[in-house]
Amino acid sequence: MPRKKASNPEDLLTHNLIIRVTEATFNRLDKIRKESKNPSIAEVARKVLSGKQIRLFYYDVSLNPIMEELALIRKELRAIGININQITRSFNQDKAGMHQGFYVLKVAEQYQKVDERVERLLTVISQLAEKWLQK
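The shown structure was predicted, so the numbers you read here are calculated from the model rather than taken from an experiment. (Residues numbered from 1 in each chain as written. Predicted model: local features only at pLDDT ≥ 70, side-chain atom pairs only at ≥ 80, totals over all residues. Heavy atoms only, no water.)

*Asks:* Sorry, what's going on with the layout of surface pockets here?
*Replies:* Over the atoms a probe the size of a water molecule is rolled, and this reveals where empty space is left. Quantified by volume, the largest pocket comes out at close to 540 Å³. Together, 16 residues line the largest pocket, and Leu-17, Ala-42, Ala-45, Arg-46 and Leu-49 are the ones closest to its centre. Counting only elements with at least two residues in the lining of the largest pocket, the list comes to helix H1 (23-36) and helix H2 (41-50). Here the lining of the largest pocket gets six residues from one element, more than from any other, and that element is H2. Taken together, the residues of the lining of the largest pocket sort by class into twelve nonpolar, three polar and one charged. (1 Å grid on protein atoms, 1.4 Å probe; cavity = no way out; pocket = protein on both sides within 12 Å on 5 of 7 lines; lining within 4 Å. Points joined across faces, edges and corners; volume = space filled by probe spheres on them. Helix = DSSP H or I, 4+ residues; strand = E, 2+ residues; numbered from the N terminus. Nonpolar A, V, L, I, M, F, W, Y, C, P; charged D, E, K, R; others polar.)

*Asks:* So what exactly am I meant to see when it comes to a nonpolar patch on the surface here?
*Replies:* Residues Leu-17, Ile-19, Val-21, Phe-26 and Leu-49 make up a contiguous nonpolar surface patch of about 550 Å² in total accessible area. Turning to its location among the elements, Val-21 is positioned in the segment before H1. Owing to a relative accessible area of 40%, Val-21 belongs among the partly exposed residues under this scheme. (Patch = residues over 30% accessible without salt bridge, like charges linked within 9 Å, V, L, I, M, F, W, Y side chains within 5 Å. Areas by Shrake-Rupley, 256 points an atom, 1.4 Å probe, with all protein chains shown as cover. Salt bridge = Lys/Arg side-chain N within 4 Å of Asp/Glu carboxyl O. Buried < 20%, exposed > 50% of the residue type's maximum accessible area, 1.4 Å probe, protein only.)

*Asks:* Got a minute to help me understand the pattern of salt bridges in this structure?
*Replies:* Between side chains of opposite charge, pairing is possible as soon as their charged atoms come close. Enumeration according to the criterion identifies eight salt bridges in this entry. Salt-bridge contacts for Glu-69 lead to Arg-120; the nearest nitrogen and oxygen are separated by 2.8 Å. Of the two residues, Glu-69 sits in helix H3 (residues 64-93) while Arg-120 sits in helix H4 (residues 100-132), which places them 51 residues apart along the sequence. By relative accessible area, Glu-69 is classed as partly exposed at 26%. For Arg-120, a relative accessible area of 28% puts it in the partly exposed group. As a salt-bridge pair, Glu-76 and Arg-120 come within 3.2 Å of each other at their nearest N and O atoms. Taken as a pair, Glu-76 in helix H3 and Arg-120 in helix H4 lie far apart in primary sequence, 44 residues in all.

Written out as structure tokens, the structure reads:
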């Protein structure tokens, strides 16, 4: 199957350049490649030579515990929501209505857990805001 023709022939990479660089220059280009998420050092070199902007992405390791905490809270809230749905289904299937009070108490317990998780979530978010909004 033939390759699609380029819509703009001026954008085609038609000329080969073979260059040699020092170890330090190569390492610097490789560091830029890793931080910018470019696929290759050649791509970084093309952007440098053409004067295009290179966006660097920095990974803040200090946010790992906060992100893990947020993921855990999300998982817990999802589990509580599933429990509430199951209790509600049981409540609605109880034709005699003998155990409806029991189901109401169970749902109240689950909503109490939701309240605790939301409080913890607000605490984590305020810590995150303090870190991001530093002056």
